[in-house]
Amino acid sequence: MRENLQQILAHFHIELFQHDLIQWFQAEKRDLPWRKEKDPYKIWVSEVMLQQTRVDTVIPYFYQFIEKFPTLDALADAEEEEVLKVWEGLGYYSRIRHLHAAVKEVKEKYDGRVPACKEQFSSLKGVGPYTTGAVLSIAYDIPEPAVDGNVMRVLSRIFYITDDITKASTRKKFEQIVSHIIAHGNPSDFNQALMELGALICTPKNPSCLLCPVQRHCRAFAEGVEKQLPIKKKAKAPKHVAFRAVVLVNEEGRILIEKRPSSGLLANLWQFPNDEHAPTLNEQEFIKEISERYHVFIRSMERIDTFEHVFSHIVWHIEAYKARALQLQIDEKTTRWVTADELKQYAFPVIYQKIWQAYE
């Protein structure tokens, strides 16, 4: 790799590249809420939110989250249910569960101060190499590489690298490149500039090469192959899962909700009663299954609609119903009868929010 790295960086004008990139960033950077101060906690929150999520989507969530949990201690002291509710709709819920666990550790071990030490920060729950590099460089001006998908796309074009970016070895190669070309005098702007370039100019399908501030450094542009990079192995087709769910309402107008398991997909969120085997059942068998499982007597049932939600590896197709039910007994640990107003306090996956909106 050392020899390979020397070949990659041969005849590359590092200082000129740094100058062109940072000068552009300082003139053109977007006015984003987490850029207004160097608070490592807020920068950390923003980086976790931005993983696999668009900036425009994140901005209102960031404001809402920081209003609710303005400090690391406030988040560390909060109940999980409260934290999940504020995150509701942002998806990839393992991110917030890991962040919540990590800030608790920071409060206990480091007196509530986000550690500026790479070994300490990277050992926290859910903190990988990218988050480590982003937070340490942006908040503390430590010259650590922050390599995400945007940065790999940019660098694969600039250095004309044809390695598959889905491989861990390729990410390692890019991290080593950044370690050599990062501006030690201004690592914060350098790393942010690479990300910004990928978001605004060096986009996946139609890069705006004629507007690019580092076009003269780009080997892929010089060869006319910028649109062919990066090389990325196609992901497996997602698995499709169809099932039924039902909004059960008792004689008092209360709705039955159920807590999902504490591990796995959408852990600890709430949902309406459902049966993943239901597509193989007729409606009467489905009513019998739901009645027995949730200890209710269903008086009547009516179809609402079919809803779809796409995860990274699975697609849910839920046929939703509403039903009047006589309450018999429930397991208080996992199910509750709540009023429509109380229901708003619980965190639900987006697809169940859509079912509830359709029901209303």
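Residues numbered from 1 in each chain as written. Predicted model: local features only at pLDDT ≥ 70, side-chain atom pairs only at ≥ 80, totals over all residues. Heavy atoms only, no water.

(A) Representation of the packing of aromatic side chains. By the definition in use, this model includes 15 aromatic pairs. Each ring, one from Phe65 and one from Trp87, has its centre 6.1 Å from the other, and the planes form 85°; the classification is edge-to-face. Of this pair, Phe65 sits in helix 4 (residues 55-68) while Trp87 sits in helix 6 (residues 80-87); the two residues are 22 residues apart in sequence, bridging distant segments of the chain. The buried category is assigned to Phe65, whose relative accessible area is 0%. With centroids separated by 5.3 Å and ring planes inclined at 90°, the aromatic side chains of Phe243 and Trp316 adopt a geometry described as edge-to-face. (Phe/Tyr/Trp six-rings, centres within 6.5 Å; stacked < 30°, edge-to-face > 60°. Helix = DSSP H or I, 4+ residues; strand = E, 2+ residues; numbered from the N terminus. Buried < 20%, exposed > 50% of the residue type's maximum accessible area, 1.4 Å probe, protein only.)

(B) Broad picture of the pairing of strand 1 (residues 239-249). Burial within strand 1 is extensive, with eight of its 11 residues counted as buried. Here strand 1 pairs with strand 6 (residues 314-327) via 11 bridges, running parallel. Residue pairing across strands places His240 opposite Val315, the latter belonging to strand 6. As paired elements, strand 1 and strand 4 (residues 274-275) share two bridges and run antiparallel to each other. If you follow Ala245 over to strand 4, its bridge partner there is Asn274. (Pairing = 2+ DSSP bridges.)

(C) Here's a closer look at the UniProt feature "domain: HhH-GPD" (unreviewed entry) in the protein. In the numbering adopted here, UniProt assigns the feature "domain: HhH-GPD" (unreviewed entry) to residues 49-200. Strand forms 0% of residues 49-200 and helix 67%; the C-alpha atoms that close the span are 19 Å apart. (UniProt positions renumbered as here; feature names shortened; annotations may be inferred.)

(D) Structural detail: the side chain of Arg157. With respect to the helices and strands, the residue Arg157 is situated in helix 10 (residues 149-158). Look at Arg157: it is buried, it has no salt bridge, and the nearest opposite charge is Glu226 at 7.3 Å. When near neighbours in sequence (up to four residues on either side) are disregarded, Arg157 contacts Cys202, Thr203, Pro204, Pro207, Cys218, Arg219, Ala220, Glu226 and Leu229. (Lys, Arg positive; Asp, Glu negative; His and termini not counted. Salt bridge = Lys/Arg side-chain N within 4 Å of Asp/Glu carboxyl O. Contact = heavy atoms within 4.5 Å.)

(E) Spatial organisation of the domain arrangement of the protein. Taken domain by domain, the protein consists of domain 1 (1-228) and domain 2 (239-359). On the side of domain 2, 16 residues touch domain 1, which itself brings nine residues to the contact. Summed over both sides, the interface between domain 1 and domain 2 buries roughly 920 Å², with carbon and sulfur atoms accounting for 49% of that surface. If you look at where domain 1 meets domain 2, you find one salt bridge. In this structure, Lys259 engages Glu81 in a salt bridge whose closest nitrogen and oxygen atoms are separated by 4.0 Å. The interface formed by domain 1 and domain 2 contains six residue pairs in polar contact (both at pLDDT 80 or more). Ranked by residues supplied to the side of domain 1 that touches domain 2, first place goes to helix 6 with four residues. Its residues assigned to classes, the side of domain 1 that touches domain 2 comprises three nonpolar, one polar and five charged. (Domains from an automatic or database assignment. Buried area = accessible area lost by both parts, 1.4 Å probe. Polar contact = N/O pair within 3.5 Å; in protein donor to acceptor, adjacent residues only side chain to side chain. Nonpolar A, V, L, I, M, F, W, Y, C, P; charged D, E, K, R; others polar.)

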